[in-house]
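# Reading the structure
Here's the letter readout for the chains.
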Amino acid sequence: SQTIHQWPATLVQPVGSPLSLECTVEGTSNPNLYWYRQAAGRGLQLLFYSVGIGQISSEVPQNLSASRPQDRQFILSSKKLLLSDSGFYLCAWSLGGSEAFFGQGTRLTVV
Amino acid sequence: AQSVTQLGSHVSVSEGALVLLRCNYSSSVPPYLFWYVQYPNQGLQLLLKYTSAATLVKGINGFEAEFKKSETSFHLTKPSAHMSDAAEYFCAVMVSGGYQKVTFGTGTKLQVIP
């Protein structure tokens, strides 16, 4: 069966520090991968999606970047965090025509 | 472009009452539609999905939703609310073909009053 792992679960980082959140999927090949951010009262905002290794599409201009170095690995990064980067980050995967499956999320607090 | 609109960011119902959470979609081609539930500080769990088969879709925990093309709606219902239904609910749309991007609504927080 397929599983998705996302870590860390919580993270507190100072302003200006780098960020790396990792997501891996097991039990499937060539999934579509997604990074979402959930800010209070703003629902789910799609940040990046990827349909294959090295193929990243950005939905909104921002301080973050994403990479997909392997088929089932999706990384969210920042060189210098801003206060506005705080939020709940969710990784998800899907296959063609199917629903998205979510990780448990990372609560990022930038201080 | 595809989108969903959830009417009402907060909905309150009494325990045992009907739950109705509204979702309208916009899509230039036949969509796939989903409802997810999120409990605090957790990921999203799929409640049900519509993929162009039966228009009335039954999901987990007694929830169901009806796809109405003429109204571009996919409202979520449950006949009798339970305290454990208190959570945030998200409607989502996906258009098959291309990159199958999933787009979510802004969510509806359901409060169940004892």
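Placed above this text is the structure.
Given the structure is predicted, the values throughout are model-derived calculations rather than measurements. (Residues numbered from 1 in each chain as written. Chains lettered and ligands numbered in written order. Predicted model: local features only at pLDDT ≥ 70, side-chain atom pairs only at ≥ 80, totals over all residues. Heavy atoms only, no water.)

### What to know about the sheet that holds strand β8 (residues 73–78) of chain A
All names here are of chain A. Here is the rule: A strand pair is defined by DSSP finding two or more bridges across the two strands. A run of H or I in DSSP counts as a helix once it spans at least four residues, and a run of E counts as a strand once it spans at least two, with each numbered from the N terminus. For every element, the axis is a line fit to its C-alpha atoms; helices are fit only across the contacting stretch, and the angle between N-to-C directions ranges from 0 to 180 degrees.
In spatial order, the strands read β1-β3-β8-β7; together these four strands make up an open sheet with antiparallel pairing. The outermost strands of the open sheet, each flanked by one partner alone, are β1 (3–7) and β7 (65–70). On average, each strand axis in the sheet is tilted by 20 degrees relative to the strand beside it, whichever way the strands run.

### Some remarks on the environment of Phe 48 of chain A
Residue and element names in this part refer to chain A. Counted only if it meets this: Summary of the burial criterion: residues with accessible area below 20% of their type's maximum are buried, those above 50% are exposed, and those between are partly exposed, where the area comes from a 1.4 Å probe applied to protein chains only. Should any heavy atoms of two residues lie within 4.5 Å, those residues are considered in contact.
Along the chain, Phe 48 turns up in strand β5 (residues 44–52). A relative accessible area of 3% places Phe 48 in the buried class. In sequence terms Phe 48 and Ser 78 are 30 residues apart; their C-alpha atoms lie 13 Å from each other. When residues no more than four places from it in sequence are discounted, the contact partners of Phe 48 are Leu 33, Tyr 34, Trp 35, Ile 56, Ser 57, Ser 58, Gln 62, Leu 64, Ser 65, Ala 66, Phe 74 and Leu 76.

### Observations concerning the packing of aromatic side chains
Operational definition: Pairing of aromatic rings covers Phe, Tyr and Trp, the last through its six-membered ring, and needs centres within 6.5 Å; plane angles under 30 degrees mean stacked, over 60 mean edge-to-face, and all others mean tilted.
Following the criterion strictly, the structure yields 13 aromatic pairs over all chains and no others. Both rings, one in Tyr 36 of chain A and one in Phe 104 of chain B, keep their centres 5.2 Å apart while their planes meet at 90 degrees; by these two values the pair is edge-to-face. On the criterion of chain membership, the pair formed by Tyr 36 of chain A in strand β4 (residues 32–38) and Phe 104 of chain B in strand β10 (residues 102–104) is interchain, its members lying in two chains. Consider the rings of Tyr 25 of chain B and Phe 67 of chain B, whose centres lie 5.7 Å apart with planes at 25 degrees: the pair is stacked. Highlighted residues: Tyr 25 of chain B in strand β3 (residues 19–26) and Phe 67 of chain B in strand β7 (residues 64–68), separated in sequence by 42 residues. Relative accessible area serves as the criterion here: at 10%, Phe 67 of chain B is assigned to the buried category. Taken together, the aromatic side chains of Tyr 34, Tyr 36 and Phe 102 of chain A together with Phe 34, Tyr 36 and Phe 104 of chain B make up a single cluster linked through ring pairs.

### Details of the interface of chain B and chain A
The following threshold applies: By buried area we mean how much accessible surface two parts lose on assembly, using a 1.4 Å probe and totalling the loss over both. For this analysis, a salt bridge means a side-chain nitrogen from Lys or Arg found within 4 Å of a carboxyl oxygen belonging to Asp or Glu. A 3.5 Å cut-off defines polar contacts: any pair of N or O atoms within that distance qualifies, except that in protein one atom must be a possible hydrogen donor and the other a possible acceptor, and neighbouring residues in sequence count only when both atoms are side-chain atoms.
Facing 21 residues of chain B, the contacting portion of chain A comprises 23 residues. When the two sides are added together, the surface that chain B and chain A hide from each other amounts to roughly 1,700 Å², 54% of it contributed by carbon and sulfur. Taken together, the connections running from chain B to chain A amount to one salt bridge. Here Lys 49 of chain B ties to Glu 99 of chain A by a salt bridge, and the two come within 2.8 Å at their closest N and O atoms. Connecting chain B to chain A are five residue pairs in polar contact (both at pLDDT 80 or more). Among the elements of the structure, β4 (31–38), β5 (44–50), β9 (87–95) and β10 of chain B are those that each provide at least two residues to the side of chain B that touches chain A.

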